[in-house]
Amino acid sequence: IQSSVERDMALGDGISLPISLVIFCFTLVSIRVILFPIVVVVLAGLVSFGVMFLFSLALPIMSATMSLMMSILIAFSIDYSLFLMQRFLEEVK
């Protein structure tokens, strides 16, 4: 089960993250603004997986939890970053 989860996670996130970043690049043209979601995904990933690691020391965690966490992390981070940066660029103009 573990190898299947790792393979699915690498495949799903390996496809969804680059596609999301390409869409983000076409929507927003500033390099500084494009770096924002990358920083958000990395920081949110470190915090969420760090907290989940602490929980896993005390509680049993299903193997699919990490894959689901990563997918939701990418979806929310890219979605909210796109929303906030688009509004920011509109206000700057």
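This text goes with the structure placed above it.
Residues numbered from 1 in each chain as written. Predicted model: local features only at pLDDT ≥ 70, side-chain atom pairs only at ≥ 80, totals over all residues. Heavy atoms only, no water.

**A short note on the overall build of the chain**
The condition is simple: Comment: elements are numbered from the N terminus, with helices defined as DSSP H or I runs of at least four residues and strands as E runs of at least two. Note that the radius of gyration is over C-alpha atoms, with the globule rule given as 2.2 Å times the number of residues to the power 0.38. Summary of the burial criterion: residues with accessible area below 20% of their type's maximum are buried, those above 50% are exposed, and those between are partly exposed, where the area comes from a 1.4 Å probe applied to protein chains only. A contact between two residues is defined here by any heavy atoms of the two lying within 4.5 Å. Calculation of accessible area relied on Shrake-Rupley with a 1.4 Å probe; when residues are assessed, cover is drawn exclusively from the protein chains displayed. Positive residues here are Lys and Arg, negative ones are Asp and Glu, while His and the chain termini are left out of the count. Working definition for charges: the position is that of NZ of Lys, CZ of Arg, CG of Asp or CD of Glu.
Across its full length, the chain carries three helices and zero strands. N-terminal to C-terminal, the α/β element order of the chain is α-α-α. Its C-alpha atoms give the chain a radius of gyration of 15 Å, clearly above 12 Å, the size a compact globule of 93 residues would have. When its C-alpha atoms are laid out on the principal axes, the chain stretches across 50 × 25 × 15 Å. Taken over 93 residues, the chain has a buried fraction of 23%. At a minimum sequence separation of 6, the contacts of the chain that also span at least 24 residues come to 74%. Taken as a whole, the chain presents about 6700 Å² of accessible surface, with 76% of it coming from carbon and sulfur. The positive charge centre, built from 4 side chains, and the negative charge centre, built from 6, are 9 Å apart in the chain.

**A short note on the pattern of salt bridges**
The condition is simple: Salt bridge, as used here: a side-chain nitrogen of Lys or Arg that lies within 4 Å of a carboxyl oxygen of Asp or Glu.
Using the criterion set out here, one finds one salt bridge in the structure. Residue Glu-90 pairs with Arg-87 through a salt bridge whose shortest N-O separation is 3.6 Å. Within this pair, Glu-90 and its partner Arg-87 are both found in helix H3 (residues 64–92), separated by three residues, close to a single helical turn. Glu-90 sits in the partly exposed class, given a relative accessible area of 45%.

**Overview of the packing of aromatic side chains**
Our working rule: Centres within 6.5 Å are what make two rings of Phe, Tyr or Trp a pair, Trp counting through its six-membered ring; a difference in plane orientation under 30 degrees is then read as stacked, over 60 as edge-to-face, and the rest as tilted.
If you walk through the whole model with that rule in mind, you get one aromatic pair. When the centroid spacing of 5.9 Å and the interplanar angle of 15° are considered together, the rings of Phe-76 and Tyr-80 count as stacked. One end of the pair, Phe-76, and the other, Tyr-80, are both in helix H3, four residues apart, so they sit about a helical turn from each other. Using a relative accessible area of 47% as the deciding quantity, one classes Tyr-80 as partly exposed.

**Topic: the nonpolar core**
Put simply, the test is: In plain words, nonpolar cores are sets of buried Ala, Val, Leu, Ile, Met, Phe, Trp, Tyr and Cys residues tied together by side-chain atoms within 4.5 Å.
With six residues, the main nonpolar core is built from Phe-24, Leu-28, Val-33, Ile-34, Met-85 and Leu-89. For this core, the elements supplying multiple residues, two or more each, are helix H2 (31–58) and H3. Dropping the residues within four chain positions of it, Ile-34 is found in contact with Phe-24, Cys-25 and Leu-28. If you look at the next biggest cluster of nonpolar residues, it comprises five residues, including Val-41, Met-70, Leu-73 and Ile-74.

**Focus: a nonpolar patch on the surface**
Inclusion rule: Residues forming no salt bridge and having over 30% relative accessible area are the ones grouped into patches, like charges within 9 Å of each other and nonpolar side chains (Val, Leu, Ile, Met, Phe, Trp, Tyr) within 5 Å.
A surface patch of nonpolar side chains, about 670 Å² in accessible area, is lined by Ile-31, Leu-35, Ile-38, Val-39, Val-42, Leu-43 and Leu-46. Examined against the element boundaries, Leu-35 turns out to sit in helix H2.

**Some points on the packing of H2 against H3**
Two measures define how a pair of helices packs: the angle their axes make with one another and the distance between the axes. The line we're drawing: Whenever a helix is involved, its axis is fitted only over the stretch in contact; in every case the axis is a line through C-alpha atoms, and angles between N-to-C directions fall within 0 to 180 degrees. Should the near helix be turned anticlockwise from the far one by less than a right angle, the crossing is left-handed, and should it be turned clockwise, the crossing is right-handed. Just so you know the grouping, Ala, Val, Leu, Ile, Met, Phe, Trp, Tyr, Cys and Pro go in nonpolar, Asp, Glu, Lys and Arg go in charged, and all remaining residues, Gly too, go in polar.
As a packed pair, H2 and H3 sit with axes 9 Å apart at the nearest point and diverge in direction by 145°. Crossing geometry of H2 relative to H3 is assigned as right-handed. Along the contact surface, H2 presents Val-33, Phe-36, Pro-37, Val-40, Val-41, Ala-44, Gly-45, Ser-48, Phe-49 and Met-52, while H3 presents Thr-65, Met-66, Met-69, Met-70, Leu-73, Ser-77, Ile-78, Ser-81, Met-85 and Leu-89. Its residues assigned to classes, the contact of H2 with H3 shows 15 nonpolar, five polar and no charged.

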